[in-house]
Amino acid sequence: MIEKLDKIKRNFHAETKKVSTINDIEQLKIKYLGRKGIINDLMKIIPTLPSEQRSLFGQQINLLKTDVTNIIEEAHKRFHSESSSKVKKELFDITLPGKHPFIGKKHPLTQTIDDIKDVFARLGFDVAYGPEVELEYYNFEALNIPTDHPSRTDFDTFYIKNDVLLRSQTSTVQIREMEKKKPPIRIIAPGRVYRPDTVDARHSFMFHQVEGLLVDEGVSFADLKGVLNQFIKTYFGQDVQMRFRPSFFPFTEPSAEVDISCSICGRKGCSVCSYSGWVEILGAGMVDPNVFKAVHYDVEKYSGFAFGMGVERITMLKYCIDDIRLFYENDIRFLSQF
Ligand code: PHE
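Along each chain, residue indices are assigned from 1 in the same order as the chain's sequence is written. The predicted origin of the model limits local features to residues at a pLDDT of at least 70 and limits the giving and counting of side-chain atom pairs to 80 or more, whereas totals for whole chains, interfaces and linings rest on all residues. Remark: hydrogens and water are excluded; side-chain values derive from all non-hydrogen atoms of the structure.

It is worth spelling out the site of the ligand at this point. Taken together, 14 residues are adjacent to the ligand, and Gln169, Ser171, Arg195, Gln209 and Gly308 come closest. Counting of polar contacts relies on pairs of N or O atoms within 3.5 Å, with two restrictions inside protein: one atom must be capable of donating a hydrogen and the other of accepting it, and residues adjacent in sequence are counted only when both atoms are side-chain atoms. Serine 171 places a side-chain nitrogen or oxygen 3.0 Å from a nitrogen atom of the ligand. Glutamine 209 has a polar side-chain atom sitting 3.0 Å from an oxygen atom of the ligand. Accessibility throughout is a Shrake-Rupley quantity obtained with a 1.4 Å probe, and a residue counts as covered only by protein chains that appear here. Out of a free accessible area of 330 Å², the ligand has 89% covered by protein chains. Starting at the N terminus, helices and strands are each numbered in turn, a helix being any DSSP run of H or I of at least four residues and a strand any DSSP run of E of at least two. Within the residue set of the shell around the ligand, elements represented by two or more residues are strand 6 (206-216), strand 9 (278-287) and strand 10 (303-310). At 3 residues, strand 10 tops the list of elements feeding residues into the shell around the ligand. Consider each residue's heavy atoms; a residue with any of them within 4 Å of a molecule or strand counts as near.

A few words on the packing of aromatic side chains. Stacked, edge-to-face and tilted labels apply to pairs of Phe, Tyr and Trp rings (six-membered ring for Trp) whose centres lie within 6.5 Å, assigned for plane angles under 30 degrees, over 60, and everything in between, in that order. In the structure shown here, the tally under the stated rule is 16 aromatic pairs. Aromatic side chains phenylalanine 120 and phenylalanine 307 sit 5.3 Å apart centroid to centroid with 25 degrees between the ring planes, which places their arrangement in the stacked category. Remark: phenylalanine 307 occurs in strand 10 and phenylalanine 120 occurs in helix 5 (residues 108-122); sequence separation between them is 187 residues. Looking at phenylalanine 120, the relative accessible area reads 0%, which means it is buried. Look at NZ for Lys and CZ for Arg. If either is within 6 Å of the ring centre and within 35 degrees of the ring normal, a charge sits over the ring. Above the face of the tyrosine 138 ring, arginine 176 is positioned so that its terminal group lies 4.0 Å from the ring centre. Note on exposure labels: buried denotes an accessible area under 20% of the residue type's maximum, exposed denotes more than 50%, and partly exposed covers the range between, all computed with a 1.4 Å probe on protein chains only.

Moving on, we get to the domain arrangement of the chain. Here the chain is partitioned into domain 1 (2-91) and domain 2 (108-335). The source of the domain bounds is an automatic or database domain assignment. Here the C-alpha centroids of domain 1 and domain 2 sit 79 Å apart.

Right, let's get into the pattern of salt bridges. Each salt bridge in this description consists of a side-chain nitrogen of Lys or Arg and a carboxyl oxygen of Asp or Glu lying within 4 Å of one another. One pass over the full model with this rule turns up 13 salt bridges. Across the salt bridge formed by lysine 106 and aspartate 114, the nearest N and O atoms sit 2.8 Å from each other. Ionic pairing is found between arginine 243 and aspartate 259, a salt bridge with its closest N-O pair at 2.9 Å. Placement of the pair is arginine 243 in strand 7 (residues 242-249) and aspartate 259 in strand 8 (residues 252-261), with a sequence separation of 16 residues. Overall, arginine 243 belongs to the partly exposed group, its relative accessible area being 32%. Residue aspartate 259 is classed as buried on the basis of its relative accessible area of 2%. Counted as one network, the salt bridges with shared partners bring together Arg243, Arg245, Glu257 and Asp259.

Here the axes come from fitting lines to C-alpha atoms, over the contacting stretch only for helices, and the angles between their N-to-C directions go from 0 to 180 degrees. Two elements in contact, helix 5 and helix 10 (residues 311-319), have axes whose closest approach is 10 Å; the angle formed by their N-to-C orientations is 95 degrees. The orientation of helix 5 relative to helix 10 falls into the category roughly perpendicular. Where helix 5 abuts helix 10, its residues Pro108, Leu109, Thr112 and Ile113 lie against Val311, Glu312, Ile314 and Thr315. Throughout this entry, Asp, Glu, Lys and Arg are counted as charged residues, while Ala, Val, Leu, Ile, Met, Phe, Trp, Tyr, Cys and Pro are counted as nonpolar. The remaining residues, Gly among them, count as polar. Class assignment for the residues of the contact of helix 5 with helix 10 results in 5 nonpolar, 2 polar and 1 charged. Just so you know how the angles are binned, under 35 degrees is roughly parallel, over 145 roughly antiparallel, 65 to 115 roughly perpendicular, and the rest oblique. Should any heavy atoms of two residues lie within 4.5 Å, those residues are counted as being in contact.

Here we come to the side chain of threonine 172. If you trace the backbone, threonine 172 turns up in helix 7 (residues 172-180). A polar contact is formed between the side chain of threonine 172 and the backbone oxygen of glutamine 169, at a distance of 3.5 Å. With residues near it in sequence (within four places) discarded, threonine 172 still touches Glu134, Tyr138, Asn139, Leu143 and Arg167.

Structure, rendered in structure tokens:
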């Protein structure tokens, strides 16, 4: 028995010489001191021995156990102090400048759409979406735009084939939502729209709009003014003024265009506001009864308002950007400022 212990001791010492990583030390510890390790196995033999041998054998095992424990602990300590001084010497130069990871940001137009969604969410508006490739019916007919209206020509609309086109306004989503649901309706619809305009500092063949639609019993023009006033003050600031000018859209009656006081010159007059002190930001009005008829709403019972704003325009005014093309060039020097 004692011989067996000696052999284990010799083996252990031989094995400690081969240790080269912290993992090797851990493995050795498990092999000898673990619950199913060599030393525990030896302990299990004790009760099977003749009683006179038990105490001597027990003492020997305990000695072995203390030895093994000490040596493993020593190895642990040595390993830690060696590796930490190595790290200090070789890897860590605290004078090196830190790394600055590049943090991505949302595109300014996405940020504006998110801000608009936030303001209207607080007023109880849901967000709705519609397709960009659209039927002529939703872009024109259902919106009470007559067959001979100039906006229907291919000067103003991208046609894909006969009655299929790229939507030229988000007002299409008004119809799609009203077809799906009965009033009360309270939605905003952000998205891309397309018009064959020549690209310059103020025009692009693709841009973004946010449409708004509210339909219920007893909705009035005063409600439209209240909602838009709330939006403009929250988005542009309390000092910004708003004015309504009478206008015309086939799908609203009465219709208005809404201007805000020029945030760039503070109404003193500049090139952005053509020296008028005001800039137009959206079209709006009370939903025309013909539109309600197209979606089979009871025109006697329901009334509503709609509005549509240009996202690029609003972003340009808020951040004093003078060229719409900057939004589409993906120049990181421009985008990283927002
Ligand atoms: N669709 C109109 C445009 O593109 C804007 C608008 C929307 C006007 C809703 C009135 C009501 O110019």
